[in-house]
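# A structural walkthrough
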Amino acid sequence: MHAKFSPEELAFQEEVRGFMRDNFTPELAARIHHPKTFRDASIEWQKLLDGKGWAANGWPVKHGGTGWSATQKYIYTTELAAAGAPDVVPMGIKMVAPVLYSYGSEEQKARFLPITKSSDIWWCQGYSEPGAGSDLAALQTRAVRDGDDYIIDGTKIWTTFAQYADWIFCLVRTDNTGKPQQGISFLLIDMKTPGITVSPIISVDDEHHLNEVNFENVRVPVANRIGEENQGWTYAKALLTYERTALSGVGYCKRKLTNIRQLANQVSASGTRLIDDSDFRARLADVEMEVMALEFLELRVLSAIDSGGAPGMESSLLKLKGTEMQQAVQSLQWDVAAGFGGISPDADDELWESEGNRARREYMFGRACTIFGGSNEVQRNIIAKFALGLSAR
Amino acid sequence: MDFSLTEEQVMLKDSVTKFLADNYAPEQREAIVKNEAGYSAAHWSTFSELGWLTIPFSEADGGFGGNVADVSAVMEEFGKVLVVEPYWSSIVLAGQLIARCTNQALKSRLMPQVISGETHYSFAWLEAQSCFSLSYVSTSAVKEGDSYRLSGEKKLVLNAGADHFIIAARTAGDVADEAGISLFVVDAAHPTLEKETVRLMDGQLACNIQFKDLVLGQDDMLIAEGEAYPLIAEVVDEALVALCAEAVGAMTYLYKATADYANTRKQFGVAIGSFQALQHRMVDMFMATEQCRSLLVRAQCAILDDSAERSQDVAVLKAMVGKYGRKVAEEAVQMHGGMGVTNEMPIGHYLKRLMMIDMYFGGSDVHRRRFSDMRYL
Ligand SMILES: Cc1cc2nc3c(=O)[nH]c(=O)nc-3n(C[C@H](O)[C@H](O)[C@H](O)COP(=O)(O)OP(=O)(O)OC[C@H]3O[C@@H](n4cnc5c(N)ncnc54)[C@H](O)[C@@H]3O)c2cc1C
C-alpha cells in the first residue's frame with residue numbers, strides 16, 4: 001500500500017498544472033465567478049477543456065472520454081481545484097450524458113453526446129417538483145401519449161440554470177397505476193417548445209441560479225424518451241449515484257483552506273496575525289483534519305472503482321461528509337474574510353470582487369449543498385438502511 | 001429573585017407585537033428594506049408616537065425611565081419579525097452615549113432630537129485593524145488651541161443615513177490604550193467627511209467614513225478629553241444585551257417556524273416532522289434558544305444588580321448567541337429544504353440577520369476569548 005505517484009503520474013500532474021496556468025487565466029476566472037458573465041465564460045472554459053480532450057474525462061473512451069485511472073482523475077480534480085477553476089457545469093457532462101450513453105438510442109447518442117461534450121448545448125435537470133423533493137418518486141408532471149408525441153403538463157422547481165438551458169432532461173409520470181417508481185419516464189425536452197415558462201427564484205445569496213419551470217400542453221416527440229416507457233426511475237437512480245460521487249469537493253476544501261491560511265498569515269496594521277491566535281488555529285486544525293480524512297475516503301472510493309468496483313455506499317458517505325466539510329470551510333472563511341461586513345454589493349460594484357463578498361456568497365449558497373443531490377438526511381437514511389442494515393420503523 | 005416581566009413590560013411587549021403583526025409581514029418588510037433609506041420613515045414616526053423611542057431615557061431627560069430589560073423586551077419582539085428601523089443604533093447605542101455623557105450643554109441640546117426621533121445619531125467606532133477591540137482607536141484628534149483636528153477612517157457605521165456620527169478618536173496614548181479616547185459629535189454632512197454607503201447582507205445600509213483634518217471644537221465632545229472609554233464600554237455592554245434580545249427573538253421565530261413547517265410539509269406520505277431525525281434536531285434548536293434566553297436574563301440581572309461580573313456575563317451572552325444563532329438558523333434552512341435557500345421565504349433572512357448580529361462588536365470567538373481572559377487569567 002502506498003500513495004506515491006509514479007513518474008508518469010507526476011508528468012501528468014505537471015501537464016495539468018501547465019494547462020491550468022495557461023488556460024484558466026485570471027481574466028477568465030473573474031468572468032466565470034461573476035453572475036453576469038458566468039454563462040458565456042463557462043461555455044468558453046468547457047470548450048478549452050474539450051479542446052484538450054478533458055471535458056468529458058469520465059465518459060467511456062469511445063464517446064470521447066479519457067480512460068484515466070483513478071489516480072489520474074484524482075490528480076486532475078485536485079489540480080483543477082488548486083487553480084481555482086470550476087469543474088464543468090455538471091448537468092450535461094456529468095448528469096444526462098451517463099444516462100444517454102448507458103440507455104440512449106444510437107440516434108440519441110449521436111445527436112446529443114458530441115454537442116454536450118463541446119458545450120454547444122446547455123442542459124438543465126427537471127426532477128424536483130413542489131410536492132416531490134426528497135420523495136422524488138411522488139412526482140406528478142404528466143406525460144400523456146398522443147400519437148407520436150407526449151403532452152406534458154406540470155411544474156418543475158429548483159431547476160438550476162434553466163434560464164440558460166437549451167434542453168431539459170425530465171422525469172415525468174406516464175403511469176399512475178402501480179408503485180410510484182414504476183410509472184416514471186425519462187424525457188429530453190427542447191426548452192424552446194411552446195408551453196414552457198421559466199420563472200426565476202432568487203436564492204439567499206441574492207443571485208439567480210434557480211427557477212420554476214412550468215409545462216402547459218407541451219408537445220414532446222416520443223423519440224425523445226430515453227429507454228423504455230415507465231423505466232425512467234431505474235435510469236435516474238443510476239444517474240444519481242454519479243451525481244453524488246461528483247459532490248465531495250475535497251479539492252475545493254483544500255484550496256479554501258490554503259486561502260484561509262494565507263489570509264490568516266497576513267500581518268495587520270496593528271502587527272498581529274490571526275494565525276498566531278491559538279483558538280483560531282484549533283478551529284482551522286479541526287476542519288483540516290477532517291478534510292485530510294475525507295481526501296483519503298475519496299481516494300479509497302476511486303481506487304475501488306479503478307479495480308473494477310462500482311461507486312457504492314461509500315459514495316453516499318462522500319457526499320455527506322464532503323458537503324459538511326464544504327460548509328465548515330465556508331463558515332471559517334466567513335469568519336476570516338467577512339469579518340468586516342457581510343456586505344452584499346450590487347454585481348457591478350467594485351466591492352463585488354472583495355474577499356468579504358466572496359465569503360458571503362459562498363457561505364450563503366453553500367447552505368444548499370446539504371440539500372440538493374439528495375439531502376444529507378436522506379443520505380443518512382440510505383446509509384443506515386443499506387450500509388448498516390438498519391430497518392425503517 | 002424575580003425574573004418575571006413587570007406589568008409595564010408586558011403592556012409594552014403587547015403594543016409592539018400588535019403593531020408588528022399589522023405592519024411587518026414578510027412582504028411588508030421586503031418593501032421596507034427596498035426603501036432608499038433601508039427602513040420606513042413612517043414606521044419610525046409611529047415608534048415615536050407610541051413612545052418606544054423614549055424607553056431607555058430617564059424621566060429627567062424626558063424619557064420613560066426604562067432600563068435594559070424594557071429595551072430588551074422591545075428588541076426581542078423586533079427580532080421575531082426582523083425590524084430594520086434603526087432603533088438599536090439610534091436609541092440604544094448612540095442615544096445612550098448622549099444620555100450618559102457629561103457635556104451637559106451638548107446633551108441638553110441633542111437629547112430632545114434623539115428622543116423625538118427627529119435626528120439620527122450613529123456611533124462610529126470600528127476601524128479596519130481593530131479586531132473588534134473597543135479600545136483600539138487609531139483615528140486621531142490633535143488638539144490645536146480650543147479645537148481638535150480629526151483624521152481617520154471608520155467602518156460599517158450603522159444607518160448610513162444618520163444625520164450625525166459620534167466618532168471615537170484618540171487624543172492621547174497608544175493605539176490600543178483605554179485612556180486617551182474621546183468622543184466627538186459631527187454632522188454627517190460635514191464637507192471634510194467622505195462617506196461610502198454599503199448594503200449589508202441583512203439588507204441594512206451601513207457606511208464607511210473617512211476624514212482628514214476635520215476641525216471640531218471642545219463643545220462637540222461628549223465627555224472630558226481622553227476619558228470616554230468607560231462610557232463606551234458601559235453603553236456597549238448594555239447595547240449588546242439588547243442586540244442579543246433581538247437575536248433570541250429571531251431564534252424563537254426560527255424554531256417555531258421550523259416546527260410549523262415540519263408539521264405541514266409532507267414527503268413520503270407523511271409530515272416531515274414525524275421523522276425522528278428531524279424532531280431531535282428541532283428539540284436542539286429549541287434548547288439552544290432557551291440557553292441563550294437564560295443567558296439573556298442572566299446578563300440583564302448582572303446589569304440591573306450592578307454586578308461586578310457584568311462584562312463577563314455580557315461576553316458569554318454574545319458568544320453563545322453568536323454561535324447558537326447561526327446554528328439554529330442553519331438548521332432551520334436545512335429543514336426547509338429548497339424553500340430554506342430562497343429569498344422568498346423568511347428563513348434565509350433570519351440567517352442573514354443572525355450572521356450580522358454575530359459579527360457586530362465581534363463574533364462568537366472574540367467574545368469567548370474575552371470571557372476566558374476575564375475568567376481564567
Ligand atoms: C440550490 C439548489 C439547486 C437545485 N437544483 C436542482 C436541479 O437543477 N434540478 C432538480 O430537479 N432539483 C434541484 N434541486 C432540488 C433538490 O434536489 C431538492 O431541494 C431536494 O431533493 C430536497 O427536496 P425539497 O427541497 O422538496 O425538501 P423536502 O424534501 O421537503 O425536505 C425538507 C427537509 O426534510 C428532510 N427530510 C425529507 N425526508 C426525510 C426523511 N425521510 N428523513 C429525514 N429527513 C427527511 C430533508 O432532508 C430536508 O431537511 C436543487 C435544490 C437546491 C437547494
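Residues numbered from 1 in each chain as written. Chains lettered and ligands numbered in written order. Predicted model: local features only at pLDDT ≥ 70, side-chain atom pairs only at ≥ 80, totals over all residues. Heavy atoms only, no water.

A word on the domain arrangement of chain A. All names here are of chain A. What the domain assignment lists for chain A is domain 1 (7-88), domain 2 (123-230) and domain 3 (247-386). If you look at the interface, domain 2 gives seven residues, while domain 3 gives eight residues. For the domain 2 and domain 3 pair, buried surface summed over both sides reaches about 600 Å², with 58% attributable to carbon and sulfur atoms. Per-residue buried area on domain 2 facing domain 3 is highest for V204, D205 and E207; these three make up 61% of the total on that side. Taken together, the links from domain 2 to domain 3 amount to two salt bridges. Among the salt bridges present, the one from E207 reaches R361, with a minimum N-O distance of 2.7 Å. Across the contact surface, domain 2 and domain 3 share three residue pairs in polar contact (both at pLDDT 80 or more). Here the residues of the side of domain 2 that touches domain 3 sort into one nonpolar, three polar and three charged. (Domains from an automatic or database assignment. Contact = heavy atoms within 4.5 Å. Buried area = accessible area lost by both parts, 1.4 Å probe. Salt bridge = Lys/Arg side-chain N within 4 Å of Asp/Glu carboxyl O. Polar contact = N/O pair within 3.5 Å; in protein donor to acceptor, adjacent residues only side chain to side chain. Nonpolar A, V, L, I, M, F, W, Y, C, P; charged D, E, K, R; others polar.)

Taken together, the side chains of F268, V270 and F275 of chain B make up a nonpolar region of the molecular surface, amounting to roughly 240 Å² of accessible area. By relative accessible area, F275 of chain B is classed as partly exposed at 30%. (Patch = residues over 30% accessible without salt bridge, like charges linked within 9 Å, V, L, I, M, F, W, Y side chains within 5 Å. Areas by Shrake-Rupley, 256 points an atom, 1.4 Å probe, with all protein chains shown as cover. Buried < 20%, exposed > 50% of the residue type's maximum accessible area, 1.4 Å probe, protein only.)

For the rest of this paragraph, the subject is the domain arrangement of chain B. All names here are of chain B. Considered domain by domain, chain B is made up of domain 1 (7-116), domain 2 (121-227) and domain 3 (230-376). Contacts between domain 1 and domain 2 engage 23 residues on the former and 20 residues on the latter. Approximately 1,600 Å² of surface area, both sides summed, lies buried where domain 1 meets domain 2, with 61% of it carried by carbon and sulfur atoms. Seen at the junction of domain 1 and domain 2, the total is five residue pairs in polar contact (both at pLDDT 80 or more). Those elements that provide at least two residues to the side of domain 1 that touches domain 2 are α2 (26-34), α5 (87-99) and α6 (104-116). Sort the elements by how many residues they give to the side of domain 1 that touches domain 2 and α5 lands first, with seven residues. (Helix = DSSP H or I, 4+ residues; strand = E, 2+ residues; numbered from the N terminus.)

This part covers the packing of aromatic side chains. Counted under the stated rule, the structure contains 38 aromatic pairs over all chains. When the centroid spacing of 6.5 Å and the interplanar angle of 85° are considered together, the rings of Y127 of chain A and F186 of chain A count as edge-to-face. Of this pair, Y127 of chain A sits in the loop between β1 (123-126) and β2 (142-146) while F186 of chain A sits in strand β5 (residues 184-190); the two residues are 59 residues apart in sequence, bridging distant segments of the chain. Across the pair, exposure class does not vary: Y127 of chain A and F186 of chain A are buried alike. With centroids separated by 4.9 Å and ring planes inclined at 45°, the aromatic side chains of F47 of chain B and W52 of chain B adopt a geometry described as tilted. Take F47 of chain B: its relative accessible area is 0%, and that puts it in the buried class. Looking at W52 of chain B, the relative accessible area reads 0%, which means it is buried. Its guanidinium or amino end placed over the ring of Y324 of chain B, K323 of chain B lies 5.0 Å from that ring's centre, counting from NZ or CZ. (Phe/Tyr/Trp six-rings, centres within 6.5 Å; stacked < 30°, edge-to-face > 60°. Lys NZ or Arg CZ within 6 Å of the ring centre and 35° of its normal.)

Our focus in this paragraph is the site of the ligand. The local shell around the ligand holds 27 residues, among which S134, T160, S375 and E377 of chain A together with R265 of chain B are the closest. Neighbouring residues of the ligand are distributed over chains A and B. For the ligand, an oxygen atom lies 2.6 Å from a polar atom in the side chain of S134 of chain A. Within the side chain of Q267 of chain B, an N or O atom sits 3.5 Å from an oxygen atom of the ligand. When the free accessible area of the ligand is taken as 980 Å², the share hidden by the protein chains comes to 95%. Elements with a contribution of two residues or more to the shell around the ligand: α12 (376-387) of chain A together with α9 (310-335) of chain B. Here the residues of the shell around the ligand are counted per class, giving 13 nonpolar, twelve polar and two charged. (Near = heavy atom within 4 Å.)

This paragraph deals with the interface of chain A and chain B. In this complex, chain A contributes 44 residues to the contact, which on the side of chain B involves 42 residues. At the boundary of chain A with chain B, total buried surface from both sides reaches about 3,400 Å², with 55% on carbon and sulfur atoms. At the junction of chain A with chain B, the criterion picks out eight salt bridges. Where chain A packs against chain B, one counts 22 residue pairs in polar contact (both at pLDDT 80 or more). Among the secondary structure elements, those contributing two or more residues to the side of chain A that touches chain B are β6 (196-202), α9 (278-306), α10 (313-337), α11 (355-366) and α12 of chain A. Classifying every residue of the side of chain A that touches chain B by side-chain character gives 19 nonpolar, 15 polar and ten charged.

So, on to a negative patch on the surface. A cluster of acidic residues, D346, D349 and E350 of chain A together with E196 of chain B, forms a negative patch on the protein surface. Along the chain, D346 of chain A turns up in the loop between α10 and α11. For D346 of chain A, a relative accessible area of 54% puts it in the exposed group. (Lys, Arg positive; Asp, Glu negative; His and termini not counted. Charge placed at Lys NZ, Arg CZ, Asp CG, Glu CD.)

In the numbering adopted here, UniProt assigns the feature "domain: Acyl-CoA oxidase/dehydrogenase middle" (unreviewed entry) to residues 123-213 of chain B. This span, residues 123-213 of chain B, is 0% helix and 54% strand, and a straight line between its end C-alpha atoms measures 20 Å. (UniProt positions renumbered as here; feature names shortened; annotations may be inferred.)

Those places that UniProt annotates as "domain: Acyl-CoA oxidase/dehydrogenase middle" (unreviewed entry) correspond, in this numbering, to residues 124-218 of chain A. End-to-end, the C-alpha atoms of residues 124-218 of chain A are 17 Å apart, and along that stretch the chain is 0% helix and 52% strand.

Our next topic: the packing of helix α4 (residues 68-81) of chain B against helix α7 (residues 229-264) of chain B. Angle between the axes and distance between the axes are the two parameters that describe a pair of packed helices. All names here are of chain B. Taken N-terminus to C-terminus, the directions of α4 and α7 make an angle of 35°; their axes are 7 Å apart at the nearest point. Pair α4 / α7 crosses with right-handed handedness. Between α4, through V68, V71, S72, M75, E76, G79 and K80, and α7, the contact on the second element is made entirely by E238, V241, A242, L243, A245, E246, G249, A250, T252 and Y253. When its residues are assigned to classes, the contact of α4 with α7 shows nine nonpolar, four polar and four charged. (Axes fitted to C-alpha atoms, helices over the stretch in contact; angles between N-to-C directions. Left-handed = near helix turned anticlockwise from the far one by under 90°.)

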